[in-house]
Amino acid sequence: MTRKIRAATAIALIGATALLATGCSAGGNGASGDGNGKVSMTFWHNSTTGPGKAFWETTVKDFEKQHPNVTIKIQAIQNEDLDGKLQTALNSGSAPDVFLQRGGGKMSAMAKAGQLMDISGSIGKTAKSEISDGTFKGYQLDGKTYAMPVDVNPEGIWYSQDLFKQAGIQGTPTTMDELNADIAKLKAANIQPVAVGAKDAWPAAHWYYNFALRDCSESTLNQAAKTLKFTNSCWKQAGQDTKTFFDTKPFNDGYLTTAAQQGAGSSAGLIANHKAAMELMGAWDPGVISSLTPNAKQLPDLGFFPFPSVSGGKGDSASMMGAVDGYSCSAKAPQKECTEFLNYMTEQPVQEAYYKAFDAIPANKSAQTVVTEPYLKTVLAAYNKAPFVSNYLDTVYGQNVGNALNTSVVNLLAGKGSVSDIVSTVNQAAAKG
């Protein structure tokens, strides 16, 4: 949901008029040539402000200097708006040449519709040697590769060490009982325990995703991706565990109208300004948080711990929810220039700059050596030990099921739905295809 980003930050920049204009000026699919070897491409990403936006501007300029025949027009789109705008563009034949790829069921639908370029034969030496097979796996389907990974985003709980200390909390919780006890201590210290941007739906639904990861076995999660049938009792158990947690009232004031990543009042902004102690989010969160601190720098006391274990769950307690962020070429993009741009993203200097801009873990293994933040090292250690990493469920199971799941979890949080409604709504969405 890369929620996501999933990656970077703040305000929406593009309306439907700009989208249509892009399609028209780009000749329907974004790419154009002037007959003299000049190539123009369009590039959509979701980093709308700060260092992330500046990174892509610099990266494109540097690539254009090395490839003087290529011009790339950038469109920065707010993360929560990207998927809908992209789907509209793909369906209308006006897709950008290069765009953020979520993977999972969403990517599968694009590939089956013939909307993506198979880049298998164009992956460069650096990407092949420096990006693990496991990282690439998230972008492979039927033996073909449809996107280039640029970072890894394991999910867990980000927290303020200062606020934990203020509440008398020592260490970090490893079980739900311990997490609930820490929440009680934070409340007693008049500190809002957990921030959640429920206005955007998916951040609240991520609590259900992680309970499902703990309650359901790896095989059950994978089987559901194939069948889109959610009949195993663990899906309802995950809903019950989610409700039990929601009933403890752990969230910030006004959580139903709180955005995830936009402004100081967002859930990330509450962490950035020490207005709440914790947030469940992917590894793009430090970059978002740093953009929302008073001095627009990293939060000095930021920490991380994996999602706690659940009593009686069938999932491995060390498994993680997470995703890989990467970029695809549309099926009609100029193959040589588009895949050269994707490969350029994986070069070590570019990946090191990516890490510095986004405060995120780069996909290039050599570039990972520059990671210095203790919280990112904690994330990497947990990620490397995880026996199973599941992509976010709204990505794995596709847009229809994902939207139904996210909405039903928010309804549960708002007191407008039940645990049974989650499972029935998702099954109904799956049946409609």
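Analysis parameters
- Residues numbered from 1 in each chain as written.
- Predicted model: local features only at pLDDT ≥ 70, side-chain atom pairs only at ≥ 80, totals over all residues.
- Heavy atoms only, no water.
- Helix = DSSP H or I, 4+ residues; strand = E, 2+ residues; numbered from the N terminus.
- Rg over C-alpha atoms; globule rule 2.2 N^0.38 Å.
- Buried < 20%, exposed > 50% of the residue type's maximum accessible area, 1.4 Å probe, protein only.
- Areas by Shrake-Rupley, 256 points an atom, 1.4 Å probe, with all protein chains shown as cover.
- Lys, Arg positive; Asp, Glu negative; His and termini not counted.
- Charge placed at Lys NZ, Arg CZ, Asp CG, Glu CD.
- Disulfide = S-S within 2.5 Å.
- Axes fitted to C-alpha atoms, helices over the stretch in contact; angles between N-to-C directions.
- Parallel < 35°, antiparallel > 145°, perpendicular 65-115°, else oblique.
- Left-handed = near helix turned anticlockwise from the far one by under 90°.
- Contact = heavy atoms within 4.5 Å.
- Nonpolar A, V, L, I, M, F, W, Y, C, P; charged D, E, K, R; others polar.
- Core = buried A, V, L, I, M, F, W, Y, C linked by side-chain atoms within 4.5 Å.

A. Representation of the overall build of the protein chain. Of the regular secondary structure elements, the protein chain holds 19 helices and 13 strands. The C-alpha radius of gyration computed for the protein chain amounts to 21 Å, which stays within 12% of the reference 22 Å derived for 433 residues, consistent with globular compactness. Of all 433 residues assigned to the protein chain, the portion counted as buried reaches 57%. Of the roughly 16,900 Å² of accessible surface on the protein chain, 50% is carried by carbon and sulfur atoms. Both charge centroids of the protein chain, one from 37 positive and one from 37 negative side chains, sit 3 Å from each other.

B. Highlighting the state of the cysteines. What the rule picks out here adds up to two disulfides. Each disulfide pairs two cysteine sulfurs, and for C216 the partner residue is C234, the sulfurs being separated by 2.1 Å. Across the S-S bond linking C216 and C234, the dihedral sits near 100°, which makes this disulfide right-handed. Of the two residues, C216 is situated in the loop between α9 (202–215) and α10 (218–227) and C234 in helix α11 (residues 233–246); the sequence distance between them amounts to 18 residues. With its sulfur 2.1 Å from that of its partner, C329 forms a disulfide with C338. Disulfide C329 to C338: torsion about the S-S bond roughly -110°, handedness left-handed. Note on C338: relative accessible area 0%, which makes it buried.

C. Examining the packing of helix α2 (residues 50–66) against helix α14 (residues 335–345) more closely. Contact geometry of α2 with α14 gives a least axis separation of 11 Å together with a crossing angle of 125°. Judged on the interaxial angle alone, α14 and α2 are oblique. Read as a crossing pair, α2 and α14 show a hand that is right-handed. Counted together, W56, T59, V60, D62, F63 and Q66 of α2 and E337, E340, F341, Y344 and M345 of α14 form the full contact between these two elements. A per-class count over the contact of α2 with α14 returns six nonpolar, two polar and three charged.

D. How the structure looks around the packing of helix α18 (residues 398–413) against helix α19 (residues 419–431). Put simply, α18 and α19 touch, their axes get as near as 8 Å, and they point 165° apart. As the angle between them shows, α18 and α19 are arranged roughly antiparallel. The hand of the α18/α19 crossing is right-handed. Contacts from N400, V401, A404, L405, S408, V409 and L412 of α18 reach α19 at V419, D421, I422, T425, V426, A429 and A430. Looking at the contact of α18 with α19 residue by residue, the classes come out as 10 nonpolar, three polar and one charged.

E. Structural detail: the nonpolar core. Counting residues in each nonpolar core, the largest one holds 134 residues, and the members touching the most others are W207, W235 and M278. Looking at which element gives the most residues to this core, the answer is α9, with nine residues. Those residues in contact with W207 that lie beyond four places of it in its chain are I157, L179, V194, T242, F245, F246, F251, L280 and F307.

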